[in-house]
Amino acid sequence: MVLYTPLSEVDIFPADQTAYDSTVITTYNQTPVKAFKLENGSYQIVQVLSTDPSIYLHPDYQPGMQFNA
Amino acid sequence: MTDLNNQPQQPQKEQPGDQPKKSELVEKIQQLGQSNVAQAPDSNIHVLPIIGQVEGHMQLPPQNKTTKYEHLIPQLVAIEQNPKIEGLIVLLNTVGGDVEAGLAISEMIASLSKPTASIVLGGGHSIGVPIAVSTNHSFITETATMTIHPIRMTGLVIGVPQTFEYMDKMQDRVVNFVTQHSNIDEDKFKELMFAKGNLTRDIGTNVVGQDAVDYGLIDAVGGVKEAMEKLNEEIDKRKPDEDEQVIQ
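This is a predicted model, so every value here is computed, not measured.

**Student:** Explain the overall build of chain A residue by residue, including any values.
**Tutor:** Scanning chain A from terminus to terminus reveals two helices and four strands. Secondary structure elements of chain A, listed N to C terminal, follow the sequence α-α-β-β-β-β. Residues classed as buried in chain A amount to 36% of the 69 residues present. The contacts of chain A with a sequence gap of at least 6 include a subset with a gap of at least 24, amounting to 22%. Counting every atom, chain A has about 4300 Å² of accessible surface; 54% of that belongs to carbon and sulfur.

In structure tokens, the structure reads:
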């Protein structure tokens, strides 16, 4: 199938709603983070959304770290 | 702002037969792939990354890297309010995106009272151009590119002449912002925007590093070092003169 259209791909093939639910934007010690919600109720950091460069070097904020909400 | 020194300490429970030191290290390696991370002192300069696509009113699927204005705008207010923050660096590597979200971010950066600098790293395309020029000083790395082209709309469009007038006005808003915040003149910017042959069959121009500086769009070619030097220079200028304070 070849589509020749000015529409963007997401307009034609909308993403599955469950894909949006896998990550949430929450705060960890007042720093906004994008996190993956684990089955045990805690969160795993996917991305830090802070403007403070020192946060990115802080061990507690590395992607993959877990924290409790 | 998060004060890293005042975080509540997690109580360490020592259980019999448990080896907390070893398990902590193993856990760290499992989670991060490394055992230790470098520490940095508190910074008086904050960094605002504009990455991926600038997201507008429609949320993009999660596999897209996006810059969300609803995250950035409160952060910019916090930067303005926090007396510990003395400067801001905007890092751009964006393909562009929503015009109104991009203009909102640009206007917020332009209206900050603190010294600001931007660095265009890989690409600062389309709506990345107004964001790049919105700072006091703009830098572009030698290999970075910026695509200047007319605005486009995808999705459902109401087919009435007013729609095209609206798009024309939206185009003017972008052109006006860029010409007011950079040294490029309107005619030159429009010439680049509607040029033929540069982007194969599309209209527009892809300007690379030094070209952007030659056109007056960006202030200088440079990276982190140049931007930090410029920001520190501006911050020092704003500090009250110590000699004057002593004489009373």
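**Student:** Residue-level account of helix 8 (residues 224–238) of chain B, with values.
**Tutor:** Residues and elements named next belong to chain B. With 15 residues, helix 8 extends 21 Å between its outermost C-alpha atoms, agreeing within 8% with the 21 Å of an ideal straight helix rising 1.5 Å per residue. Those residues of helix 8 that sit buried are Ala227, Leu231, Glu234 and Ile235. Each buried residue of helix 8 lies within a common arc of 100 degrees when the element is viewed along its axis, so the set occupies one face. Exposed residues on helix 8 whose side chains face more than 90 degrees from its buried face are Lys225, Glu229, Asp236 and Lys237. In this structure, the buried side of helix 8 is in contact with strand 1 (45–55), strand 3 (87–97), strand 4 (116–124) and strand 5 (137–140).

**Student:** Provide a residue-level description of the sheet that holds strand 4 (residues 66–67) of chain A, including the pertinent values.
**Tutor:** Residue and element names in this part refer to chain A. One open sheet accounts for four strands, arranged 1-2-3-4; its pairing is antiparallel. This sheet does not close on itself; its edge strands, each paired only once, are strand 1 (23–28) and strand 4. The pairing of strand 1 with strand 2 (residues 31–37) spans six bridges and is antiparallel. If you follow threonine 23 over to strand 2, its bridge partner there is phenylalanine 36.

Rules behind the numbers
- One numbering rule holds for all chains: residues counted from 1, following each sequence as written.
- Chains and ligands are labelled sequentially in the order written, the chains with letters from A and the ligands with numbers from 1.
- For a predicted model such as this one, the threshold for reporting local features is a pLDDT of at least 70, and the threshold for listing and counting side-chain atom pairs is 80 or more; totals across whole chains, interfaces and linings nevertheless cover every residue.
- Based on all heavy atoms of the structure, the side-chain values leave hydrogens and waters out of the count.
- Helix numbering and strand numbering both begin at the N terminus, where a helix is a DSSP run of H or I of at least 4 residues and a strand a DSSP run of E of at least 2.
- Exposed residues in this analysis have more than 50% of their type's maximum accessible area, buried residues have under 20%, and partly exposed residues fall in between, with area computed by a 1.4 Å probe over protein chains only.
- Only heavy atoms enter the contact rule, under which two residues are in contact if any of them lie within 4.5 Å.
- Throughout, the Shrake-Rupley method with a 1.4 Å probe supplies accessible areas, and for residues the shown protein chains are the sole cover considered.
- A helix's residues, less one, multiplied by 1.5 Å, set its expected span.
- Throughout, the arc means that of the directions going from the helix axis to the C-beta atoms.
- One requirement defines pairing of two strands: DSSP has to find at least two bridges between them.

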